[in-house]
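If you want the building blocks of each chain, they are given just below.
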Amino acid sequence: MTAPRLEAHRRAFCLLLRLYPKWFRQAYGEEMTLLFTTRLERAGGRWTRAILWWRALEDTVRNATVLHRDDSEGGGLRMGSLTQDMRYAVRRLVRAPVFTLGAVALLAVGIGATTAVFSLVDALILRPPPWHEPERVVHVYQDSDDGQPSSNSFPATRDMAEYGEMFEGVAATAPWTVTWDGPAGLTPVDVEFTTSGYMHVLGLDVQRGRWFEPEHDVVGGPFAAVVSAAAWRSRLGGDPDVVGRTVQLNGFPVTIIGVGPERLTGTVNPLLTDFWLSISSAPVGGPAWVGTLERREDHWFLALARLASGVTVAQAQSAMDALAARHAELYPEIDRGRDITVFASRDVRMHPQGDAQLRLGGALLAGLALTVLVLACANLANLLLVRGLGRSGEMAVRSALGAPKGRVARLFLLESAILAAMGGAAGLVLTRWILAALPALPLDDTLGGTLELGVDARVVLVALGLMSATGVLFGLAPAMRSARTDVSRALRDDRRGASSDRGTIRLRSVLVAVQVAASLVLVLVTGLLARSLAALQTVDPGVDAERIAYVQVDWTRAGLSLAESRAAVEELRARIATLPGVEHVALSSRLPALPQGTTTTEVEGYTPPAGTNAVELPFAIVTDGYFDAMGVPLLAGRGFSQDDVAGGSGVSIVVSEAAAQRFWGDADPIGRRMRGQGAQEWSRTVVGVVADVSVGSLGEAPAPLFYFSARQSLGTPTYVLARATGDPAALLAPMRREIGAWRPSVLVSSQGTLAAHLGSTLAAPRLAARAMGAFSLLALLLAGLGIYTVVSFTVARRSSELGIRIALGADRSGVVRMVVREVATVVGIGLVIGVLVAALGASRVGDALFGVDALDPITFVGAVLVLLAVAWLAAWLPARRAARADPVEALRAS
Amino acid sequence: MARAPDSHSIPLRPVVYHILLSLMGGDRHGLGIAEHAERMSEGAVELGPGTLYRSLSEMAEAGLIEAVRSPRPDADPRRKYYSITSRGRDLLARETERLGRLVDTARAHGALAEKA
């Protein structure tokens, strides 16, 4: 065992020692710890250690009890009856380790999963932003080209700030990723280009140094950064002299002028921002960031505003309507029909376009976790009921001897409270494990940033709440039942008396039905997700994924002019082509099935259904030979070649089949013209049509895609794609070496095979299917356990009756059937409820599925069969035991 | 402080008997006693930390054993060593005699399996 693990065990044991009287602990505590840890160190495996722990627990409770009693008898305080009951309850639990461990494990799983999910949902949906008077903060969005509130051009945010009677301040901020040459080497960090008004709008202030001044709002001013509180601690080691330090971002020196407010993680909660960069630092992001500050066509900025005193959201909205009208007049080709919308900050979580999905996901997760908790509690209640009934004799004796009924009920409640406390504590530990494992999951790709998760006071509070609720709720039922037990009947009848209690039977049956229904729903959803995933994995991406390796390069630090980068791209392509094992090489600005850049284009002779005269379409900048390298068939016209040169009469375009279909239908697309939004000339001419590839994701409907030649485009492709004669993975190292030897200033930012990349784009559905699978397995186990408990209980209580039946010559398999039949009705009801719930809820998951119907009959039948198999096994095991029992034994026992 | 009356009277609790017996071979610390007892009883007696130190505390108070300096200078200073007292030896002898008589009686009644 490692030293830190041993230390954790040691500390836990020290906690346990607190049960002893102080004098004893002081005299022997150290040696006892030494003894325990020595044994622990020698213990071979996990199980030996667990046994050791269990014995230590038992040993402590027993001896501490004796020592406390001795102390108090020696003239100390008289023990209160509550303490006595407590000790009694603890002793009972210690004496039944299987029951105790089982119950604690059930609660831990239920509470742990629910708390972890709460923490996630809290971070994503619930937790209010840490701003001052957030009700006065609003989000302002210009529409995208398809008429949805989206994001703003930088000039537009400056126009908004002119409405001083509406807004006390307006801030613009744009998230981006840059490479930091820090102590850990080259690291990608999340930044926001942010204006000087930001802190005032949020009503916060930096904790060290200062925030940006208006001099930072124009290009030409000093490069300045404010580091976020989290990044200051995690990335800069909490350096107290951080203000004034210089960091290298994308190769540019940027001065840190302040440390952000403690609780502010970034603009888009709960994504983490490492640095806020001033607008004057725009060159750090590249020439495009400098250009975008003047371009009304680009919408790269989010806008936040603080309402002036007494101004309502509606008033601000009408002011923005006026601004939108002004824009439409001044810049008709860009802003006609483009509305500006004001949202109260409580109505926006991450972004108006994504919030609905986020809430649905959160609700789905929370529902799942609660289902598991309900299942766990249902089982615990069952276990407690079984124990409670088994003890009805004991309780009746206590009552008969004069114990007040409240006292008897208190014993039960104490027991369940102790169980709930232990389960809650273990659940919190589990929560921390789950949350620690979460960042390793590819959530980042889905959300576009790093998530801040942790066990904070709110999470602990929720866990405590769940704990007490479960403890009281499910301790109370058996407690009240037992306290009510008719003394004389219970004593006369001992065990059988209570089992015929109709209420108890009904309660147990309902619990089993609920569990069966819930597990059926979970198994169904798992089945649907698995089938959907299987369908996604067989999707043809439209490229020859199996033979292609890619290396992504970062040109920023090379500092090349446009002409130089075009030459560099050709040079790099030629160098990689000489490597052994390379069949074709091309560069591209995007990978398949990865959402990336879009361009706003006008197509000659095509009118979009609504909105402006332009359409927003994804594009790729590729070199010659790209279609050969990727194995994308050319359907008409030609691919790019030496003839496509810069500065000529126009720009050549290759379009995907879906694009050709959308704009020109069955007509010949070759020779059709297009232009960038707002351009005068129809300068872009279609020269070729290629087959469709997955553009944004695998399994999407064929999406239009435009290709530009790298020789004619202003952008520089970053993905070097090599088609291998053999294993593509073997090309990665030589490619990297070649690039490093060629130009050390050109950095490699990612690499892999195309097949692996496509696989990784399925990470989210795969994760969903696995998580759901884990949940349903758990639910199945719980439901099985529930059925097993109920049947074995029934069998035990009816052992004499069954014994008589067998003695009188009843067929043993008939006895099994009889017992199983009793629970079969309950299981059947559960299945019907489950199918109904699943059918009603199917429409809600339908959007998340691919290639399988939400009401897919095969999955439904399969799930029902799985449930039946589990239920049958769980019922058959105890029933068979009953039928095998010796009738004489069974009769004598009663 | 009042103690359980039977911690040092005949018949001895098995724990007390084993502790005394293990100290006959020389002074030992707590862990040593626990291990010796476990070995002697062929694993039947396993002394948990609480049971061991509560018994040691009671036995020291009853004068059956006493805490002593460690016999070797290089011993772990955190570990307290125990030595059996004459009273402890006396009690151990009497209990062993009683057990011996008990075994004789048992044998006379044919309680031991006949050797083949």
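Residues numbered from 1 in each chain as written. Chains lettered and ligands numbered in written order. Predicted model: local features only at pLDDT ≥ 70, side-chain atom pairs only at ≥ 80, totals over all residues. Heavy atoms only, no water.

Caption draft 1: Fine view of the overall build of chain B. Regarding its fold elements, chain B presents four helices and three strands. Secondary structure elements of chain B, listed N to C terminal, follow the sequence α-β-α-α-β-β-α. Counting only residues that meet the buried cut, chain B has 42% of its 116 residues in that class. (Helix = DSSP H or I, 4+ residues; strand = E, 2+ residues; numbered from the N terminus. Buried < 20%, exposed > 50% of the residue type's maximum accessible area, 1.4 Å probe, protein only.)

Caption draft 2: Spotlight on the pairing of strand β17 (residues 673-676) of chain A. Alignment of strand β13 (residues 598-603) of chain A against β17(A), held across three bridges, turns out to be antiparallel. Each residue of the ladder has a partner; that of A:Glu602, found in β17(A), is A:Arg675. (Pairing = 2+ DSSP bridges.)

Caption draft 3: Representation of the packing of helix α2 (residues 30-40) of chain B against helix α3 (residues 49-61) of chain B in the model. Residues and elements named next belong to chain B. The N-to-C vectors of α2 and α3 enclose an angle of 110 degrees; their axes lie 11 Å apart at closest approach. On the basis of the axis angle, α2 is roughly perpendicular to α3. In the crossing of α2 with α3, the sense of the turn from one axis to the other is right-handed. Listed contacts from α3 to Gly30, Leu31, Ile33 and Ala34 of α2 are Leu52, Tyr53 and Leu56. (Axes fitted to C-alpha atoms, helices over the stretch in contact; angles between N-to-C directions. Parallel < 35°, antiparallel > 145°, perpendicular 65-115°, else oblique. Left-handed = near helix turned anticlockwise from the far one by under 90°. Contact = heavy atoms within 4.5 Å.)

Caption draft 4: Highlighting the pattern of salt bridges. All names here are of chain A. For the structure shown, the criterion picks out 31 salt bridges over all chains. Residue arginine 306 pairs with glutamate 133 through a salt bridge whose shortest N-O separation is 3.1 Å. Of the two residues, arginine 306 is situated in strand β9 (residues 302-307) and glutamate 133 in the loop between α5 (97-126) and β1 (137-142); the sequence distance between them amounts to 173 residues. On the basis of relative accessible area, glutamate 133 is assigned to the partly exposed category, the value being 28%. When salt bridges that share partners are traced, they join Glu133, Arg136, Glu168 and Arg306 into one network. (Salt bridge = Lys/Arg side-chain N within 4 Å of Asp/Glu carboxyl O.)

Caption draft 5: Expanded view of the side chain of A:Thr37. All names here are of chain A. Along the chain, threonine 37 turns up in helix α2 (residues 22-42). Assessed through its relative accessible area of 9%, threonine 37 is described here as buried. The contacts of threonine 37, once residues within four sequence positions are left out, are Leu6 and Arg10.

Caption draft 6: How the structure looks around the environment of A:Thr371. Residues and elements named next belong to chain A. If you trace the backbone, threonine 371 turns up in helix α13 (residues 355-390). Residue classification places threonine 371 among the partly exposed residues on the basis of a relative accessible area of 22%. Each C-alpha atom of the pair threonine 371 and valine 514 lies 9.7 Å from the other, and the pair is 143 residues apart in sequence. If we ignore the near neighbours within four places in the chain, the residues touching threonine 371 are Ala518 and Leu522.

Caption draft 7: How the structure looks around the side chain of A:Asn63. Looking at the secondary structure, you find A:Asn63 in helix α3 (residues 46-73). Overall, the relative accessible area of 0% leaves A:Asn63 in the buried class. Not counting residues up to four positions away in its chain, the partners in contact with A:Asn63 are A:Tyr20, B:Gly50, B:Thr51 and B:Arg54.

Caption draft 8: Just α2(B), in detail. When α2(B) is considered as a whole, its buried residues turn out to be B:Gly30, B:Leu31, B:Gly32, B:Ile33, B:Ala34, B:His36 and B:Ala37. Residues of α2(B) that are buried sit in contact with α2 of chain A together with α1 (14-23), β1 (28-29), α3 and β3 (81-84) of chain B. Note on α2(B): the residue one or two positions beyond its end, B:Glu42, has a positive phi of about 55 degrees.

Caption draft 9: Structural context of the interface of chain B and chain A. Between chain B and chain A, the contact holds 26 residues from the first and 23 residues from the second. Counting across the chain B and chain A interface gives one salt bridge. Inspection of the chain B/chain A interface yields eight residue pairs in polar contact (both at pLDDT 80 or more). For the side of chain B that touches chain A, the secondary-structure elements that each account for two or more residues are α2 and α3 of chain B. Tallying contributions element by element places α3(B) first for the side of chain B that touches chain A, with nine residues. (Polar contact = N/O pair within 3.5 Å; in protein donor to acceptor, adjacent residues only side chain to side chain.)

Caption draft 10: Expanded view of unusual backbone geometry. Residues and elements named next belong to chain A. Unlike most non-glycine residues, glutamate 133 shows phi in positive territory, near 45 degrees. The backbone of alanine 593 shows a phi angle near 55 degrees, a positive value even though the residue is not glycine. Note on placement: alanine 593 falls in the loop between β12 (582-588) and β13. Overall, alanine 593 belongs to the buried group, its relative accessible area being 3%.

Caption draft 11: Up close: the packing of aromatic side chains. Residue and element names in this part refer to chain A. Tallying each qualifying case throughout the model produces 30 aromatic pairs over all chains. Between phenylalanine 154 and phenylalanine 301, the aromatic rings sit 4.8 Å apart at their centres with planes inclined by 50 degrees, giving tilted as the arrangement. On the criterion of sequence distance, the pair formed by phenylalanine 154 in helix α6 (residues 154-161) and phenylalanine 301 in the loop between α10 (287-292) and β9 is long-range, its members being 147 residues apart. Joined through ring pairs, the aromatic side chains of Phe154, Trp176, Phe193, Trp289, Trp300 and Phe301 make up one cluster. Above the ring of tryptophan 682, the side-chain terminus of arginine 675 is found at 4.0 Å from the ring centroid. (Phe/Tyr/Trp six-rings, centres within 6.5 Å; stacked < 30°, edge-to-face > 60°. Lys NZ or Arg CZ within 6 Å of the ring centre and 35° of its normal.)

Caption draft 12: Molecular detail of the nonpolar core. By size, the foremost hydrophobic cluster in this structure holds 52 residues, and its most contacted members are A:Tyr626, A:Phe627, A:Met630, A:Val632, A:Tyr707, A:Leu721 and A:Leu754. No other element matches the seven residues that helix α19 (residues 502-537) of chain A contributes to this core. Ignoring anything within four residues of it in the chain, the contact list for A:Met630 reads A:Val543, A:Asp544, A:Ile548, A:Pro592, A:Leu721, A:Arg723 and A:Leu754. Among the nonpolar cores identified, the runner-up in size contains 41 residues, and A:Leu6, A:Ala64, B:Ala34 and B:Tyr53 belong to it. (Core = buried A, V, L, I, M, F, W, Y, C linked by side-chain atoms within 4.5 Å.)

Caption draft 13: Representation of the confidence of the model for chain A. Residue and element names in this part refer to chain A. Across chain A, the average pLDDT comes to 82, with 87% of residues at or above 70. Contacts for the low-pLDDT stretch residues 442-449, under 50 throughout, to residues beyond four places or in other chains number 15 contacts. Counted against residues more than four places away or in other chains, residues 490-500, with its pLDDT under 50, gives 21 contacts. (pLDDT = per-residue confidence, 0-100.)

Caption draft 14: Broad picture of a nonpolar patch on the surface. All names here are of chain A. Side chains of Tyr788, Trp872, Leu873 and Leu877 sit close together on the surface and give an oily, nonpolar patch of about 380 Å² of accessible area. Considering each element in turn, the nonpolar patch owes the most residues, three residues, to helix α28 (residues 857-884). For tryptophan 872, the position within the fold is in helix α28. (Patch = residues over 30% accessible without salt bridge, like charges linked within 9 Å, V, L, I, M, F, W, Y side chains within 5 Å. Areas by Shrake-Rupley, 256 points an atom, 1.4 Å probe, with all protein chains shown as cover.)

Caption draft 15: Up close: helix α8 (residues 229-236) of chain A. Residue and element names in this part refer to chain A. Within α8, the full set of buried residues consists of Ala229, Ala231, Trp232 and Leu236. For α8, the secondary structure elements touched by its buried residues are β2 (167-182), β4 (208-209), β5 (224-227) and β7 (252-259). A positive phi of about 60 degrees marks glycine 237, the residue just after α8.

Caption draft 16: Broad picture of the pairing of strand β11 (residues 548-554) of chain A. Residue and element names in this part refer to chain A. Burial runs high along β11: seven of the seven residues are buried. Along β11, one buried face is formed by Ile548, Tyr550, Gln552 and Asp554 and the opposite face, lined by Ala549, Val551 and Val553, is buried too. Two elements, β11 and strand β20 (residues 719-724), share five bridges in a ladder whose sense is antiparallel. The residue of β20 that forms the bridge with tyrosine 550 is leucine 721. In this sheet, strand β21 (residues 747-753) lies alongside β11 in antiparallel orientation, the contact comprising six bridges.

Caption draft 17: How the structure looks around the environment of A:Arg235. Residue and element names in this part refer to chain A. With respect to the helices and strands, the residue arginine 235 is situated in helix α8. Judged by its relative accessible area of 28%, arginine 235 is partly exposed. Separated by 53 residues in sequence, arginine 235 and glycine 182 have C-alpha atoms that sit 8.6 Å apart. Ignoring any residue separated from it by four or fewer positions in sequence, one finds arginine 235 in contact with Trp180, Pro183, Thr187, Pro188, Val189, Ala230 and Asp274.

Caption draft 18: Region of the structure containing the sheet that holds β3(B). Residue and element names in this part refer to chain B. Taken together, three strands build an open sheet; the order of strands is β1-β3-β2 and the sheet is antiparallel. Only two strands of the sheet have a single partner each, and these edge strands are β1 and β2 (65-68). Summarising the sheet, β1 and β3 pair through two bridges and their orientation is antiparallel. Bridged to histidine 29 within β3 is tyrosine 81.

Caption draft 19: A look at the packing of helix α1 (residues 3-17) of chain A against α2(A). All names here are of chain A. Where α1 contacts α2, the axes come no closer than 10 Å and their chain directions differ by 145 degrees. By crossing handedness, the relation of α1 to α2 is classed as right-handed. Where α1 approaches α2, its residues Leu6, His9, Arg10, Phe13, Cys14 and Leu17 are matched on the opposing element by Arg25, Gly29, Met32, Thr33, Phe36, Thr37, Leu40 and Glu41. For the contact of α1 with α2, the per-class residue count stands at seven nonpolar, four polar and three charged. (Nonpolar A, V, L, I, M, F, W, Y, C, P; charged D, E, K, R; others polar.)

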